[in-house]
Amino acid sequence: MSDASLSGAKPAPKSSLLTQSALVRKRHRAGATLRWLGLGAISVVLFFLAVLLWSIVSRGVPALFQYQAQIELYYDPAILNPDGGPVDPEEIGGINLRTGFERGIFTNSLRMTLENAGIDIEGTVERRWVVEALNALDAVGLTGGAEVIAGAGAPGDAARVLGRAGSALRAAASALGGDDAAAAEAARDTAAEALGTAGFAQAAEVVAAIDAAGGADAVAALNATGYQQALLDAAGALRQPGEFDDAALSSLIYATNRRDVRDRLVENPDLVGTTESVGVPIDIAVTRYLSGELTGIGTAQMPPGFDIGQLALVDAMEDAGLIDNAFRWHFFTNPYSQSGEIAGIGPALMGSAYMMLVVLVFSLIFGVAASIYLEEFAPKNKFTDFIEINIANLAAVPSIVFGILGAAILFTLMDLGFGNSIRGTALLGGIVLSLMTLPTIVIATRAALKAVPPSIRDAALGVGASKVQMVFHHKLPLAAPGILTGTIIGIAQALGETAPLLLIGLSVSTGAALLSSPFSGGLLEQAQSMPTVVYLFAQNQDAPVREGLAQSAILVMLLLLFALNILAILLRRKFERRW
């Protein structure tokens, strides 16, 4: 061999393992970019998830607390037993809810409680409206309004005095805009005299100084004072105390349609003539004022259907310690109601539990049986391939399609004469949700069976076990953690479904009560579910219900879903075997 070398050949460049080439640096930059993109995507998802959870929790948790008035409720025998003699439960059951309870027992008890707490009901309302009238007068420079109101005696008399002065100013404005100079001057002088008589001497001088012959300028000058509107507003405010009655008092609390109290008295007639301390919910609109959502200043910030006089009583009750913010325990037992004060999710929780029981029984039995057959016993041919493809497709079908299937089943049963007895029941809802959950459980079960090592199967068959023994004694127990996990996840998915249940009538079961035992007809009773009651809350006309209790119901659903998923994780970790 020789040491000859090719002429013109360039020596190979020297390189070091410690030096990165351009290609390596490019790959590292691409990897870093992908890593940051992944972190950014996760951050965005977590951000929106945090916003969603905060929106639900910030509204749902406060809604679980309710403002209540602590009232000494007196079951007046004069109302409940007007004829005297022994108390008759049937007579109590026939008492009108509006006149006997709302305007009777509740109103009288609330008045007695406030008076015992040292609250002057009519005086509190009157003072608040007097302040409102004085604010209206002071805003335009009509000083001395307090003396005028005090000199008139009652607020109603002061309202007439101020109303006459305001009417005189209105007539003066109309006359000043006309063509009759004499009439304009007379109307101006009459308005000035009315102001002086009412006690506003300085305002009377201002009006008297307006040029009656000024036409449009005179009208503008008079309107610029603002006296007319202020006097009429003050007069209107001073008329309000006279319109305050028992209906306005009882509207502060939830006293309407208190059938629950009447039923309790029918069951316990011995309560007639006694007094007990109870927490009566504050009206749902007033809670927005107590929570600070509404300020009570101006029409836009006033609770619907209430005025400042009633809010003054609410403030007095709060100062006296008669109002507290208690946890809404009845939310978990009461049925849904249009009245947010007593609305709850009790029947919905029971209905969802019963439907999940039906889903568990039907889906687990039929899903596991179908999985075992397809995985271990079914021949491998085009027919079984067709079945497997359709099972995979059914897992991706929108849930409303299963609702349509449930509606078709319902209509078929109605044609046979059985539809009315099953419509809107937990049994039909559970069957529809079972159909929706079956593909998920079948897929999860087959995956769990496939995850068992083939050696287990071969060993069992090798020692003489039959195929059925091999499946049920060896393979199925080892696949149980995966099957349980898939079943629980399927049930959690079914728990949150709404569309299928709306189509089979659960949304209209607004009068559903707590269900009886599933073994004594409970599965065939009219039921609600958590998704449908959330839908009903979201359609409520009251903002605190629509924005508060709906979020509370969603929060309960989320907790149930979290619990089911945590249970699935715990079961998988406890029983799972690693091969």
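Scope of this entry: the structure provided in the associated data block. (Residues numbered from 1 in each chain as written. Predicted model: local features only at pLDDT ≥ 70, side-chain atom pairs only at ≥ 80, totals over all residues. Heavy atoms only, no water.)

1. Considering the overall build of the chain
Thought 1: Helices and strands together make up the secondary structure of the chain, namely 25 helices and three strands.
Thought 2: Relative to the globule expectation of 25 Å for 579 residues, the C-alpha radius of gyration of the chain, 38 Å, shows a markedly less compact shape.
Thought 3: Seen through its C-alpha atoms, the chain measures out along the principal axes to roughly 135 × 105 × 45 Å.
Thought 4: When the accessible surface of the chain is totalled, it reaches about 30200 Å², and 61% of it is carbon and sulfur.
Thought 5: Of the charged side chains in the chain, 38 are positive and 52 negative, and the gap between their average positions amounts to 26 Å. (Helix = DSSP H or I, 4+ residues; strand = E, 2+ residues; numbered from the N terminus. Rg over C-alpha atoms; globule rule 2.2 N^0.38 Å. Areas by Shrake-Rupley, 256 points an atom, 1.4 Å probe, with all protein chains shown as cover. Lys, Arg positive; Asp, Glu negative; His and termini not counted. Charge placed at Lys NZ, Arg CZ, Asp CG, Glu CD.)

2. Remarks on the packing of aromatic side chains
Thought 1: In this structure the tally under the stated criterion is eight aromatic pairs.
Thought 2: An angle of 85° between the planes, with centres 5.3 Å apart, marks the rings of Phe 65 and Phe 327 as edge-to-face. Placement of Phe 65 in strand E1 (residues 65-74) and of Phe 327 in strand E3 (residues 323-327) is noted, with a sequence separation of 262 residues between them.
Thought 3: Look at Tyr 336 and Phe 537: their rings are 5.2 Å apart centre to centre, the planes differ by 70°, and that puts the pair in the edge-to-face class. With Tyr 336 in the loop between E3 and helix H16 (346-377) and Phe 537 in helix H24 (residues 530-538), the pair connects residues that are 201 residues apart, well separated along the chain. (Phe/Tyr/Trp six-rings, centres within 6.5 Å; stacked < 30°, edge-to-face > 60°.)

3. Observations regarding the sheet that holds E3
Adjacent strands of a sheet pair through backbone hydrogen bonds, lying either parallel or antiparallel.
Thought 1: Sheet architecture is open: three strands sit in the order E2-E1-E3, paired in antiparallel fashion. Sheet topology places strand E2 (275-281) and E3 at the edges, where each strand pairs with a single neighbour. Direction aside, the axes of adjacent strands within the sheet are offset by 45° on average.
Thought 2: Bridging between E1 and E2 involves seven bridges; their strand directions are antiparallel. Residue pairing in the sheet places Ile 71 in a bridge with Val 278 of E2.
Thought 3: Sitting on the sheet, helix H4 (residues 97-116) is in contact with E1 and E2, with an inclination near 90° to E1. (Pairing = 2+ DSSP bridges. Axes fitted to C-alpha atoms, helices over the stretch in contact; angles between N-to-C directions. Contact = heavy atoms within 4.5 Å.)

4. What about the packing of helix H7 (residues 155-176) against helix H8 (residues 181-198)?
Thought 1: The N-to-C vectors of H7 and H8 enclose an angle of 160°; their axes lie 8 Å apart at closest approach. Classed by the angle they form, the pair H7 and H8 counts as roughly antiparallel. Seen along the crossing, H7 lies across H8 with a hand that is left-handed. Of the residues in H8, those touching H7 at Val 161, Ala 165, Ala 168, Leu 169, Ala 171, Ala 172, Ala 175 and Leu 176 are Ala 183, Ala 184, Ala 187, Arg 188, Thr 190, Ala 191, Ala 194, Leu 195 and Ala 198. (Parallel < 35°, antiparallel > 145°, perpendicular 65-115°, else oblique. Left-handed = near helix turned anticlockwise from the far one by under 90°.)

5. Here we look at a nonpolar patch on the surface
Thought 1: Residues Ile 42, Leu 46, Leu 49, Leu 52, Leu 53, Leu 559, Phe 562, Ile 566 and Leu 570 make up a contiguous nonpolar surface patch of roughly 870 Å² in combined accessible area.
Thought 2: Elements represented by at least two residues in the nonpolar patch include exactly helix H1 (22-63) and helix H25 (543-575).
Thought 3: No other element matches H1, which puts five residues into the nonpolar patch.
Thought 4: Relative to the helices and strands, Ile 566 resides in helix H25.
Thought 5: Relative accessible area serves as the criterion here: at 49%, Ile 566 is assigned to the partly exposed category. (Patch = residues over 30% accessible without salt bridge, like charges linked within 9 Å, V, L, I, M, F, W, Y side chains within 5 Å. Salt bridge = Lys/Arg side-chain N within 4 Å of Asp/Glu carboxyl O. Buried < 20%, exposed > 50% of the residue type's maximum accessible area, 1.4 Å probe, protein only.)

6. Here's the deal with the packing of helix H5 (residues 121-138) against helix H11 (residues 227-243)
Thought 1: The contact between H5 and H11 brings their axes to 8 Å, and the two run at 180°. Here H5 lies roughly antiparallel to H11, going by the angle between them. Counting all contacts with H5, which are made through Val 125, Glu 126, Trp 129, Val 130, Glu 132, Ala 133, Ala 136 and Leu 137, the residues of H11 involved are Ala 230, Leu 231, Asp 233, Ala 234, Ala 237, Leu 238, Gln 240 and Pro 241.
Thought 2: Here the residues of the contact of H5 with H11 sort into 12 nonpolar, one polar and three charged. (Nonpolar A, V, L, I, M, F, W, Y, C, P; charged D, E, K, R; others polar.)

7. Digging into the pattern of salt bridges
Charged atoms that come close allow side chains of opposite charge to pair.
Thought 1: Tallied over the entire structure, the rule returns 15 salt bridges.
Thought 2: Measuring nitrogen to oxygen at the nearest pair gives 3.8 Å for the salt bridge that ties Arg 103 to Glu 102.
Thought 3: Note on Arg 103: relative accessible area 30%, which makes it partly exposed.
Thought 4: Glu 388 is the salt-bridge partner of Arg 446, the closest N and O atoms lying 3.0 Å from each other. Taken together, the residues span a long stretch of sequence, with Arg 446 in helix H20 (residues 426-451) and Glu 388 in helix H17 (residues 382-394) at a distance of 58 residues.
Thought 5: On the accessibility criterion, Arg 446 (12% relative accessible area) is buried.
Thought 6: On the accessibility criterion, Glu 388 (25% relative accessible area) is partly exposed.
Thought 7: Connected via shared salt-bridge partners are Arg 98, Glu 102 and Arg 103.

8. Considering the nonpolar core
Thought 1: One finds Phe 101, Leu 162, Leu 195, Phe 200, Leu 231, Ile 253 and Met 317 to be the most contacted residues of the largest nonpolar core, which totals 84 residues.
Thought 2: Ranked by residues supplied to this core, first place goes to H7 with 10 residues.
Thought 3: Ignoring anything within four residues of it in the chain, the contact list for Ile 253 reads Ala 69, Ile 71, Phe 106, Leu 110, Val 280, Pro 281, Ile 282 and Asp 283.
Thought 4: Within the second largest apolar cluster, 22 residues are counted, among which are Val 358, Ile 422, Met 436 and Leu 561. (Core = buried A, V, L, I, M, F, W, Y, C linked by side-chain atoms within 4.5 Å.)

9. Looking at the pairing of E1
Thought 1: In the sheet, E1 pairs with E3 via five bridges, with the strands oriented antiparallel. Bridging from a neighbouring strand, Phe 65 pairs with Phe 327 of E3.

10. Considering the environment of Ser 371
Thought 1: Relative to the assigned elements, Ser 371 resides in helix H16.
Thought 2: Ser 371 gets classed as buried once you look at its relative accessible area, which sits at 0%.
Thought 3: Ignoring any residue separated from it by four or fewer positions in sequence, one finds Ser 371 in contact with Ile 441, Val 442, Thr 445, Arg 446 and Leu 449.
Thought 4: Polar side-chain contacts of Ser 371 include one of 3.2 Å to the backbone oxygen of Val 442. (Polar contact = N/O pair within 3.5 Å; in protein donor to acceptor, adjacent residues only side chain to side chain.)

11. Quick look at the side chain of Ser 250
Thought 1: Its place among the elements puts Ser 250 in helix H12 (residues 246-250).
Thought 2: Among all residues touching Ser 250, those that are not within four sequence positions of it are Glu 102, Arg 103, Thr 107 and Ala 255.

12. Quick notes on the environment of Leu 427
Thought 1: Examined against the element boundaries, Leu 427 turns out to sit in helix H20.
Thought 2: The spatial distance from the C-alpha of Leu 427 to the C-alpha of Leu 484 is 23 Å, given a sequence separation of 57 residues.

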